[in-house]
Amino acid sequence: MRVCVIGCGHVGLVAGGCLAAIGHHVFCVDRDAERVRLLAEGRLPVFEPHLQELILRSRATGMLTLTTDATHALRSADVIFLCVGVPQLENGNSDFTALDAAASQIARVVDTLKLIVERSTVPVKTGEQLKHLLSVTTPNPRARFQVAANPQFLREGTAVEDFFHPERILLGVDEPDSEATLRQLYAPILQQNFQCPIHPNGCPPHDLPELLLTSVRSAELIKQASNAFLAVKISYANVLADVCEQIGANVQEVTHAVGLDPRIRKSFLQAGIGFGGDRLPKDLRAFCQLVHAEGVDAGILQAAEDVNSRRVDAFFRKINRALWVLKDKKIALLGLSHKADTDDIRSS
């Protein structure tokens, strides 16, 4: 299939590089000419294990094209992935500037039926707004648009591995032919004999991903709800850490044992100075805002955010207790990113 990926950030590069590696012809489009130039030289703006080699290999075979010229890519694509940023404004609302610009660009040049796929995390009902915008702004009467949601559940540091071996693939679709197109797109990964591009000598044992079909609105909500739950889980581990300090227990022993319960699991159950990065804080706040707007009690969600916001202050109180006077003391920080195996320092 021919795929156009709009946005050459972390989400877009992983999607484009991995889709090209499994046999699709991919155009990765970005308005930043300098970024595209650096990518063409093999210099990625993000660090992600395996990603650079995938992109270099796919470009060498002609399966991946990096460009600032969206017109040809959009007109020739069977599927258009939106991988642009949707940051959060100070008032908690989402900033749709980049998404609006991408939609306007699509509406101007497309002259046939196109499937537009939300890959970035977006608020609920964004798909409906997007479809309306595309329909009312296109100057071409032959242009028609279908909008689907295919949220990514990739973890920075293991994003490529997660793409090729996901636990689930979520397709939010409202039309049967949108579902058929996305099934075809992911068909290689859903095969029992799938040859993983980063494991040429054979993949480690793994289960086939579960294919989940929902409406577009449900898929948008699932992504936000998943990230909000992970944030709650981390905050719960931090509350456990505070209790353990008070009663003399070992929080690592406690969270390890609790995480062995298959209903709970160990991931995201590590205590620390709070969660950071670009996703969990933003998605938790956005989900809290949605819940409040719909008149639902968001107590547990708000509590998770409150616990997280207090972690840094608590950490400095521990430093004060340990060192007494901080002036002129030398303190080393081993790693500035919000987690290991990534260079992302946003909200770190």
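Everything below is about the structure shown above.
Scoring rules and cut-offs
- Residues numbered from 1 in each chain as written.
- Predicted model: local features only at pLDDT ≥ 70, side-chain atom pairs only at ≥ 80, totals over all residues.
- Heavy atoms only, no water.
- Helix = DSSP H or I, 4+ residues; strand = E, 2+ residues; numbered from the N terminus.
- Contact = heavy atoms within 4.5 Å.
- Axes fitted to C-alpha atoms, helices over the stretch in contact; angles between N-to-C directions.
- Parallel < 35°, antiparallel > 145°, perpendicular 65-115°, else oblique.
- Left-handed = near helix turned anticlockwise from the far one by under 90°.
- Core = buried A, V, L, I, M, F, W, Y, C linked by side-chain atoms within 4.5 Å.
- Buried < 20%, exposed > 50% of the residue type's maximum accessible area, 1.4 Å probe, protein only.
- 1 Å grid on protein atoms, 1.4 Å probe; cavity = no way out; pocket = protein on both sides within 12 Å on 5 of 7 lines; lining within 4 Å.
- Points joined across faces, edges and corners; volume = space filled by probe spheres on them.
- Nonpolar A, V, L, I, M, F, W, Y, C, P; charged D, E, K, R; others polar.
- Phe/Tyr/Trp six-rings, centres within 6.5 Å; stacked < 30°, edge-to-face > 60°.
- Pairing = 2+ DSSP bridges.
- Right-handed = clockwise from strand over helix to strand, strands pointing away.
- Salt bridge = Lys/Arg side-chain N within 4 Å of Asp/Glu carboxyl O.
- Expected span 1.5 Å × (residues − 1).
- Arc of directions from axis to C-beta.

This part covers the environment of isoleucine 6. Tracing the backbone shows isoleucine 6 in strand β1 (residues 2–6). Once the C-alpha coordinates of isoleucine 6 and aspartate 30 are considered, the two residues, 24 residues apart in sequence, prove to be 6.2 Å apart.

On to the environment of phenylalanine 268. Tracing the backbone shows phenylalanine 268 in the loop between α10 (251–259) and α11 (280–293). Remark: the alpha-carbon pair of phenylalanine 268 and threonine 112, spanning 156 residues in sequence, is separated by 44 Å. Contacts of phenylalanine 268, omitting those with residues within four sequence positions, involve Leu230, Lys233, Ile234 and Leu280.

Interaxial distance between α11 and helix α12 (residues 299–323) falls to 9 Å at its minimum, and their mutual angle equals 150 degrees. By the criterion of interaxial angle, the relationship of α11 to α12 is roughly antiparallel. The two elements α11 and α12 meet at a crossing, and its hand is left-handed. Contact residues: α11 offers Leu284, Arg285, Phe287, Cys288, Val291 and His292, while α12 offers Leu301, Gln302, Ala304 and Glu305.

Let us now look at the nonpolar core. Of all hydrophobic cores here, the largest spans 43 residues; its most connected members are Phe81 and Phe164. The element contributing the most residues to this core is helix α1 (residues 10–21), with six residues. In this structure, phenylalanine 164 is in contact with Cys18, Ala21, Ile22, Leu54, Ile189, Phe194, Cys196, Pro197 and Ile198, ignoring residues within four places of it in sequence.

Time to look at empty space enclosed by the protein. Enumeration over the complete set of coordinates arrives at four cavities of 30 Å³ or more. Considering only enclosed or pocket space, the largest cavity measures out at about 70 Å³ in volume. If you trace the largest cavity, you find it lined by Val86, Pro87, Gln88, Ser94, Thr121, Val122, Pro123, Gln224, Lys282, Asp283 and Ala286. Here the lining of the largest cavity takes three residues from α11, the largest share from any one element. When the residues that make up the lining of the largest cavity are grouped by side-chain class, the tally is five nonpolar, four polar and two charged.

Within this structure, the stated rule accounts for four aromatic pairs. Aromatic pair phenylalanine 163 and tyrosine 186: ring centres 6.2 Å apart, planes at 40 degrees, arrangement tilted. Here phenylalanine 163 is found in helix α7 (residues 159–164), whereas its partner tyrosine 186 is found in helix α8 (residues 176–186), with 23 residues between them in sequence. In terms of burial, phenylalanine 163 and tyrosine 186 fall into one category: buried. Members of the aromatic cluster, joined through ring pairs, are Phe163, Phe164, Tyr186 and Phe194.

Here we take up the pairing of β1. Where burial is concerned, most of β1 is hidden: four out of the five residues are buried. Of the pairings in the sheet, the one linking β1 to strand β2 (residues 25–29) comprises five bridges and is parallel in character. Along β2, the bridge assignment pairs isoleucine 6 with valine 29. At this point the chain moves from β1, through α1, to the parallel β2, and the crossover so formed is right-handed. Looking at chain direction, β1 and strand β4 (residues 79–82) are connected through four bridges and run parallel. Counterpart to valine 5 in the pairing with β4 is phenylalanine 81.

Moving on, we come to the pattern of salt bridges. If you walk through the whole model with that rule in mind, you get 13 salt bridges. Close ionic contact of arginine 142 with aspartate 111 constitutes a salt bridge, the shortest N to O distance being 4.0 Å. Separated by 31 residues along the polypeptide, arginine 142 in the loop between α6 (126–137) and β6 (144–149) and aspartate 111 in the loop between α5 (97–109) and β5 (113–118) bring together distant segments of the chain. Assessed through its relative accessible area of 23%, aspartate 111 is described here as partly exposed.

As a further point, take α11. Between its terminal C-alpha atoms α11 stretches 20 Å, which fits the 20 Å expected from 14 residues at 1.5 Å a residue. Buried within α11 are the following residues: Leu280, Pro281, Lys282, Asp283, Leu284, Ala286, Phe287, Cys288 and Val291. Residues of α11 that are buried make contact with α9 (216–247) and α12. With its phi angle positive at about 75 degrees, glycine 295 sits one or two positions after the end of α11.

This paragraph deals with helix α3 (residues 51–60). Listed in full, the buried residues belonging to α3 are Leu51, Leu54, Ile55 and Ser58. Taken around the axis of α3, the buried residues stretch over an arc of 95 degrees, which confines them to a single face. Of the residues trailing α3, glycine 62 is marked for its positive phi of about 80 degrees.

This part takes up the environment of serine 337. Positionally, serine 337 belongs in the segment after α12. Relative accessible area serves as the criterion here: at 22%, serine 337 is assigned to the partly exposed category. Sequence-wise, serine 337 and lysine 318 are 19 residues apart; in three dimensions their C-alpha atoms are separated by 21 Å. Sequence-distant contacts of serine 337, defined by excluding residues within four places in its chain, comprise Thr342, Asp343, Asp344, Ile345 and Ser348.

So, about the packing of α5 against α6. Interhelical geometry of α5 versus α6 gives an angle of 40 degrees and a closest axis separation of 9 Å. As summarised for this structure, α5 and α6 are arranged oblique, according to the angle between their axes. Every pair of crossing elements has a handedness; the one defined by α5 and α6 is right-handed. Contact residues: Leu99, Asp100, Ala103, Ile106 and Ala107 in α5; Thr126, Leu130, Leu133, Leu134 and Thr137 in α6. Looking at the contact of α5 with α6, its residues break down into seven nonpolar, two polar and one charged.

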